[in-house]
Amino acid sequence: MAQTYKLKSHLCRFCSFYPLGDERIPAQLMTYSNDKPDLEGFPYPLPSKKSEYTCSLKIGDVEWLGSTSGLTRYDKNAEREEDIIMFFSAPRDLHDNTVKAIMPQGESVWVLTGTGAVFIEMKPLGAQEKAELLLSETLKYVDRRGMVSQRDLARPRNLESRYSHGHSDNDGCFTAGFAIGEIFRYAVFKREKGAEHPETIEAKKVATRAVEACLLLLHIHSRGNGFVARTYLCPDEPVPDDGIFFRISGGKAVCLETTEAKKRGCVGVEVDASAEIPARLAKLYTDEGYSIDGIVYKADTSSDEITLHFLQMYFAHEFLGCDDPELDGIIKQSVKGLMGHIIDNGYELHDYGNKPTSWAKWSKDYFETDFGWVDACLNSAELLMYHLVTMKITGEEGRWRESYDYLVNDLGYADLCPKHFERLYQASISMNFDYVEDIMYGDHMLAVASFWGLCTLEKNEELLEKYRQGFRSWRTSLEREHNPGYDLPFALSCPDAEIDMERLAEWFYRMNVSRLAAGVSLTGRHDTPVKTLRTGIKEISVLLPPDERFISKYDRNPLSFVNEDSGGSVCVESCYVYTFAYWIGRYYGFFE
């Protein structure tokens, strides 16, 4: 493992927005005059063309340069090379990119653009301080009965205007990722502060609530057959037209009318909903005055949710279950039900009418389809991980071991794991695209979860090496992201792996202090070469710091030239992207 890296405090950008005419804008800003900068012989590439810079301001050794395409901060004495030049752009940091004036206020600056003013402060934050700040934002503005993914806002940038309702197609997946991060936060505090310390107790409470929210999705449908819902809505929440939804009433659940349901001909389909939900989990909605009648759950669940559910249940069992036998009992019940469902249905998750869902398929039949041939390498690893987690949590082997051995010895699933890049590359050649154009970036997190689980739990050295080879087969795309959420589990799984700790530190240092999903401007940048791939997709050739690229979960190409924000200034995302990576790094000693 890499030597422990000491993360220091680092300057982070805090931007306060004011519309033109707001009385809080200093009057002198409206008439403030700046000199045009002399950039002849400037020693570094600049984000804007030199001809576009119209105004400048120097505060000590730091120079602020305003242009018609954004704002540049230049600190020739910055400790880290990547901090010498920082770029601020609309809509993340500015109202628009036409900078008209820059006025000092102490070490901070007021920036006037064509449509508003922004007060920019550069404040030092420690990595843990940032983790706590982001967590606080998520718990206040994103959390929905323990589920965290994102929340839409009624007014741009106004987090207080968040809608009371909301959902995500992958609520289970994203909440499980959040839960894992909070479990490790609790484990760090317990080790460093003691189990009875108020911060440890609070961390355990947050982690437990997220785990309960995940477990509820394994029961909310009341089918009693091990199925998993994508998410659920309470009776007074609007049902979106983006999938398959069932409303529960009187021990039955009926498929609601949506575009997708009409397309599949399942409107009005009725399924059983009479199974009892563990009372501890039901409290997440009964405490808010709801009963099971009227609850709407989303079906057609994918392998994304299933994979993160299994990994989350493993860590919850390991770190929370030992002190909470009731919770551990629910985890054991849940993992048995889900694993049994998958095995009983021929390694598929089955929905209404005993039909497989669109994407939760790990069967040999699926692997022989066009889509499944490439998916087989990841999906085989997912399924094998599920088995090992089930055996670990239950303390039993029996049918789980019998099924695992059948997959490994008779169907060759372990041999499929290392073939990911080979098959993806072959598909790209036959279809004439660059392999990165066909990557499902959400699969990166699924690969990390699957192989981390496999390499943690597998004791057979021959199989363990195959799983490590499988993890390495993903590094052609994972490695270029320098994402600690990927690199740290890889280093834990492959002890001989080399990861760039400096690049990971930069990721933590430059991560935004808010998950407001306002985008950034790339089209006006002139310091980031752009390459066009075979099918016309554009990528930048330089990985920008996190605070200069779009906000996303672990499901987007960070080199994309397109501004792939999740919802712009009217959406705030979960903090788990940062907290998942940070607390894993802290627990396993990668970072101080």
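Colleague: So what's going on with the pattern of salt bridges? Residues and values would help.
Modeller: Throughout the structure, instances matching the rule amount to 50 salt bridges. With a closest N to O distance of 3.4 Å, Arg13 and Asp547 form a salt bridge. Of this pair, Arg13 sits in strand β1 (residues 10-19) while Asp547 is found in the loop between β19 (538-540) and β20 (568-573), placing the two residues 534 residues apart along the sequence. Overall, the relative accessible area of 8% leaves Arg13 in the buried class. On the basis of relative accessible area, Asp547 is assigned to the buried category, the value being 6%. The salt bridge involving Arg13 is made with Glu548; its shortest N-O contact spans 3.6 Å. You can see Arg13 sitting in strand β1 and its partner Glu548 sitting in the loop between β19 and β20, a full 535 residues away along the chain. Owing to a relative accessible area of 5%, Glu548 belongs among the buried residues under this scheme. Within this structure, Arg13, Asp83, Asp93, Arg510, Arg525, Asp527, Asp547 and Glu548 form a network of salt bridges that share partners.

Colleague: Which residues make up the state of the cysteines, and what are the values?
Modeller: All told, the structure shown has zero disulfides when counted by the stated rule. Looking at the unpaired Cys322, the closest cysteine sulfur is the one in Cys214, lying at 18 Å. Not part of a disulfide, Cys417 finds its nearest cysteine sulfur in Cys377, a span of 8.0 Å. A relative accessible area of 0% means that Cys417 is categorised as buried.

Colleague: Before we move on, can you summarise the packing of aromatic side chains with the specific residues and values?
Modeller: Under the criterion given, the structure shown has 40 aromatic pairs. A ring pair is formed by Trp110 and Phe119, whose centres lie 5.0 Å apart and whose planes are at 40 degrees; its orientation type is tilted. The buried category is assigned to Trp110, whose relative accessible area is 5%. According to the relative accessible area criterion, Phe119 is buried, its value standing at 11%. Considering the side-chain rings of Tyr554 and Phe580, the 6.0 Å spacing of their centres and the 70 degrees angle between planes classify their relative orientation as edge-to-face. Highlighted residues: Tyr554 in the loop between β19 and β20 and Phe580 in helix α18 (residues 576-587), separated in sequence by 26 residues. The residues Tyr554 and Phe580 share a single accessibility class, namely buried.

Colleague: Summarise the nonpolar core; cite the residues concerned and give the values.
Modeller: It is characteristic of soluble globular proteins that their nonpolar side chains tend to be buried jointly. With 147 residues, the main nonpolar core has Tyr232, Tyr297, Phe310, Ile342, Leu384 and Tyr467 as its most contacted residues. It is helix α2 (residues 171-193) that provides the largest number of residues to this core, a total of twelve residues. Beyond its immediate stretch of four places on either side in the chain, Tyr232 contacts Arg145, Met147, Leu216, Leu217, Ile220, Glu237, Leu284, Tyr285, Ile295, Val296 and Tyr297. Counting 18 residues, the second-largest nonpolar core is a separate cluster that includes Leu71, Leu94, Val109 and Ile120.

Colleague: Report on the sheet that holds strand β10 (residues 231-233), specifying residues and quantitative values.
Modeller: Taken in spatial order, the five strands line up as β10-β14-β11-β12-β13 in an open sheet, and their pairing is antiparallel. This sheet does not close on itself; its edge strands, each paired only once, are β10 and β13 (270-272). Adjacent strand axes in the sheet meet at a mean angle of 30 degrees when their direction is disregarded. When strand β12 (residues 252-255) meets β13, the two strands line up antiparallel, connected through three bridges. For Lys252, the partnering residue across the bridge sits in β13 and is Asp272.

Colleague: With reference to specific residues and values, describe empty space enclosed by the protein.
Modeller: A probe matching the size of a water molecule, rolled over the atoms, marks out where space remains unfilled. If you walk through the whole model with that rule in mind, you get three cavities of 30 Å³ or more. Here the largest cavity defines a volume of roughly 220 Å³. Trp507, Arg549, Ser552, Lys553 and Val577 are the residues nearest the centre of the largest cavity, which is lined by 18 residues in total. The class makeup of the residues in the lining of the largest cavity is nine nonpolar, three polar and six charged. If you add up the space inside the second largest cavity, you get close to 60 Å³. Tallied by class, residues from the lining of the second largest cavity come to five nonpolar, one polar and four charged.

What counts, and at which threshold
Residues numbered from 1 in each chain as written. Predicted model: local features only at pLDDT ≥ 70, side-chain atom pairs only at ≥ 80, totals over all residues. Heavy atoms only, no water. Salt bridge = Lys/Arg side-chain N within 4 Å of Asp/Glu carboxyl O. Helix = DSSP H or I, 4+ residues; strand = E, 2+ residues; numbered from the N terminus. Buried < 20%, exposed > 50% of the residue type's maximum accessible area, 1.4 Å probe, protein only. Disulfide = S-S within 2.5 Å. Phe/Tyr/Trp six-rings, centres within 6.5 Å; stacked < 30°, edge-to-face > 60°. Core = buried A, V, L, I, M, F, W, Y, C linked by side-chain atoms within 4.5 Å. Contact = heavy atoms within 4.5 Å. Pairing = 2+ DSSP bridges. Axes fitted to C-alpha atoms, helices over the stretch in contact; angles between N-to-C directions. 1 Å grid on protein atoms, 1.4 Å probe; cavity = no way out; pocket = protein on both sides within 12 Å on 5 of 7 lines; lining within 4 Å. Points joined across faces, edges and corners; volume = space filled by probe spheres on them. Nonpolar A, V, L, I, M, F, W, Y, C, P; charged D, E, K, R; others polar.

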